Amino acid sequence: MRFFSLSLSSLTLALVALVATPPTMAEARSFSQCVASKWPAAQRIGVTRANFERATQGLQPDTKTTRLVNKQAEFVKPIWEYLDSAVSATRVKNGRAMLRKYSNVLDEIERRFEVDREAVIAIWGMETSYGSFMGDHNAVQAAATLACKSNRRNKFWSDQFVAAIKIAQDGHVPLSAMRSSWGAAMGHTQFIPTSWQAYAADYDGDGKRDIWRSIPDALASTANYLKKHGWRYQQTWGYEVSLPRNFNHKLADDKTRSLSEWSRLGVKRTNGKPWPRPSDQAYLKYMAGATGPAFLMLPNFKVIKRYNNADAYALAVGHLADRIIGGGGFAKAWPRDQRPLRRAEVREMQSLLTRRGFSTGGVDGKVGPNTRRAIRQFQSSRGLVADGFPSTKVLSELKRL
Ligand code: CA
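Enquirer: I keep staring at the overall build of the protein chain and nothing clicks. Help me out?
Expert: Within the protein chain, the secondary structure is distributed over 17 helices and nine strands. Considering only C-alpha atoms, the protein chain reaches an extent of 70 × 50 × 35 Å along its principal axes. Counting the 401 residues in the protein chain, one finds 54% classified as buried. Considering only residue pairs separated by 6 or more positions, the protein chain has 69% of its internal contacts joining residues 24 or more positions apart.

Rendered as structure tokens:
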């Protein structure tokens, strides 16, 4: 579970600058003072003085996480490259093995939470490659570092820091075993401490919600998280669809319609099967413009995004889940000859669009609904396919004018 949100059609990479220099004396002192200043927040959630001292005594900043630059990246990874690694053949194969290995646990989880097993396994695969990489940081140290060394979201990180101490105090896991990512995303499910407090589950009834050392607890926790965010059991995340010739591409990213309404517009499943529930509401999404695969997204797609707020992530989870239970690849190929625009190019495109009278509502290097609309209007005016996708083609066409 990430604390940053990535919601562009291609995955924007957050930059993490890793500074490995040891802290100076003055830095160490100011870090200790900062950590000590979190006592009232810890006390408020029930941490004892003794446990606070135990957790913070001699605590050093995590030098691998020292500086987090969560700024907008210049380079945007194309969705197909992201999916190639997120839904690799190895990850699919291992997911199938995990589905078999934990079938009894998953039976019980489905019974208890009404969340589909393949979705739970797919998230586990995406987050930590089925537990093979839970991060090499400690949640208390990572959260303290971010609370005291970053200039952003101090309250958020302070909350994570004290929550992590409380989790150890309550005996769920020893402080030393609280493995996390640099962003304090913990254990098999990569829950940040406050999400752990709200959603972690105790599958085996031993009183501990141990998402680090109990795979059943971790899987139940993920299922509980999805359930609490509105998961609809046995209703998938979405369908790859084919569109009729002369389809109005403005309907992509537009409002939700029932599947039978989409049928009337000529939209079909690429595998030729009927909709299981024609009254389901879905919205049409292209991830790489009209030349790539198109999808109708069901409500569960948005539930997956609650785990990590990126369309690319949610598509990868959904697709991995499908592959794990025997589904094949997408019917339509990605436009691998294209590439998404870099941030500087998006700014250039926005200036050019605005200058030509297609207002993007500002020049910020981000492709939001206003920019997408402006691209569509521009494409229409030039007789191009109006899919609103910020491709290199759009930019070169604008520059030619
Ligand atoms: Ca347990």
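Don't stop here, the text continues.
Enquirer: I tried to follow the state of the cysteines on my own but got confused; where do I start?
Expert: Put plainly, two cysteines are in a disulfide when a covalent bond ties their sulfur atoms together. Taken as a whole and assessed by the stated rule, the structure comprises one disulfide. Disulfide pairing places C34 opposite C148 at an S-S distance of 1.9 Å. Taking the sign of the S-S torsion, about -85° here, the bridge from C34 to C148 comes out left-handed. You can see C34 sitting in helix 1 (residues 25-36) and its partner C148 sitting in helix 8 (residues 139-149), a full 114 residues away along the chain. According to the relative accessible area criterion, C34 is buried, its value standing at 18%.

Enquirer: It is not clear to me how helix 14 (residues 311-324) should be interpreted in this structure. Could you clarify?
Expert: One turn of an α-helix holds 3.6 residues; hence residues three or four places apart share an orientation. An ideal rise of 1.5 Å per residue puts 20 Å on 14 residues; helix 14 measures up with 20 Å between its terminal C-alpha atoms. Most of helix 14 is tucked away, with 12 of its 14 residues classed as buried. Looking one or two places after helix 14, you find G326, whose phi comes out positive at around 105°.

Enquirer: Hey, could you run me through unusual backbone geometry in this one?
Expert: Glycine aside, residues mostly have negative phi angles, and peptide bonds mostly take the trans form. You will see that S129, though not glycine, has its phi angle at about 50°, which is positive. Along the chain, S129 turns up in the loop between helix 7 (117-128) and strand 3 (137-138). Here S129 falls in the partly exposed class, since its relative accessible area comes to 28%.

Enquirer: Any chance you could explain the environment of D253 here in plain terms?
Expert: As for its position among the elements, D253 is in the loop between strand 5 (238-242) and strand 6 (257-258). D253 sits in the partly exposed class, given a relative accessible area of 33%. Sequence-wise, D253 and R372 are 119 residues apart; in three dimensions their C-alpha atoms are separated by 9.4 Å. A distance of 3.0 Å separates a polar atom in the side chain of D253 from a polar atom in the side chain of K285.

Enquirer: Whenever I open this one, the sheet that holds strand 7 (residues 268-269) confuses me. Can you help?
Expert: Pairing between the strands of a sheet is mediated by backbone hydrogen bonds and can be parallel or antiparallel. Taken in spatial order, the five strands line up as 6-8-9-5-7 in an open sheet, and their pairing is antiparallel. If you trace the sheet from one side to the other, it starts and ends with strand 6 and strand 7, each paired once. Examined bridge by bridge, strand 5 and strand 7 share two bridges and lie antiparallel to one another. In the sheet register, V241 faces strand 7, and the bridge partner there is R269.

Enquirer: Even after reading the chapter, I still don't get the coordination of the calcium ion, so can you show me in this structure?
Expert: Tetrahedral metal sites with four donors have an ideal angle of 109.5 degrees; octahedral sites with six donors have ideal angles of 90 or 180 degrees. Those donors, D202 (OD), D204 (OD), D206 (OD), K208 (O), D217 (OD) and D217 (OD), are the protein atoms that reach the calcium ion, and they lie 2.2 to 2.8 Å from it. One chain supplies every donor for the calcium ion, spaced along it as D-x1-D-x1-D-x1-K-x8-D.

Enquirer: Help me out: how do you make sense of the packing of helix 15 (residues 343-355) against helix 17 (residues 392-400) in this one?
Expert: The angle between the axes and the distance between the axes are what describe a pair of packed helices. Where helix 15 meets helix 17, the closest approach of the two axes is 10 Å, and the angle between their N-to-C directions is 45°. Considered as vectors, helix 15 and helix 17 are oriented oblique to each other. In the crossing of helix 15 with helix 17, the sense of the turn from one axis to the other is left-handed. Across the interface between the two elements, E345, E348, M349, L352 and L353 of helix 15 pack against V394, L395, L398 and K399 of helix 17. Along the lines of polarity and charge, the residues of the contact of helix 15 with helix 17 split into six nonpolar, no polar and three charged.

Enquirer: How do you make sense of the nonpolar core when you look at a structure like this?
Expert: In a soluble, globular protein the nonpolar side chains are often hidden away together inside. Core analysis: the largest hydrophobic core is formed by 93 residues, its most contacted members being I79, F161, M178, L219, L315 and W334. Element by element, the count of residues in this core is highest for helix 14, at nine residues. In this structure, L315 is in contact with I79, L83, W237, M287, F295, M297, F301, F330 and W334, ignoring residues within four places of it in sequence. Residues Y239, A282, L284 and A290 belong to the second largest nonpolar core, which totals 16 residues.

Enquirer: Mind showing me how you'd approach the packing of aromatic side chains here?
Expert: Think of a pair of aromatic rings as described by two things: how far the centres are apart, and how the planes are tilted against each other in angle. Taken as a whole and judged by the stated rule, the model has 17 aromatic pairs. The interplanar angle of 90° and the centroid separation of 5.6 Å between the aromatic rings of W124 and Y130 together place this pair among those described as edge-to-face. A residue is classified by how much of its surface remains accessible, and W124, at 3% relative accessible area, is buried. With centroids separated by 6.4 Å and ring planes inclined at 40°, the aromatic side chains of W237 and F301 adopt a geometry described as tilted. With W237 in the loop between helix 11 (215-228) and strand 5 and F301 in helix 13 (residues 299-305), this residue pair connects regions lying 64 residues apart in the sequence. We classify W237 as buried; its relative accessible area is 4%. What makes F301 buried here is its relative accessible area of 0%.

Criteria and cut-off values
Residues numbered from 1 in each chain as written. Predicted model: local features only at pLDDT ≥ 70, side-chain atom pairs only at ≥ 80, totals over all residues. Heavy atoms only, no water. Helix = DSSP H or I, 4+ residues; strand = E, 2+ residues; numbered from the N terminus. Buried < 20%, exposed > 50% of the residue type's maximum accessible area, 1.4 Å probe, protein only. Contact = heavy atoms within 4.5 Å. Disulfide = S-S within 2.5 Å. Expected span 1.5 Å × (residues − 1). Polar contact = N/O pair within 3.5 Å; in protein donor to acceptor, adjacent residues only side chain to side chain. Pairing = 2+ DSSP bridges. Donors = N, O, S within 2.8 Å, 3.2 Å for Na, K, Ca; no water. Axes fitted to C-alpha atoms, helices over the stretch in contact; angles between N-to-C directions. Parallel < 35°, antiparallel > 145°, perpendicular 65-115°, else oblique. Left-handed = near helix turned anticlockwise from the far one by under 90°. Nonpolar A, V, L, I, M, F, W, Y, C, P; charged D, E, K, R; others polar. Core = buried A, V, L, I, M, F, W, Y, C linked by side-chain atoms within 4.5 Å. Phe/Tyr/Trp six-rings, centres within 6.5 Å; stacked < 30°, edge-to-face > 60°.

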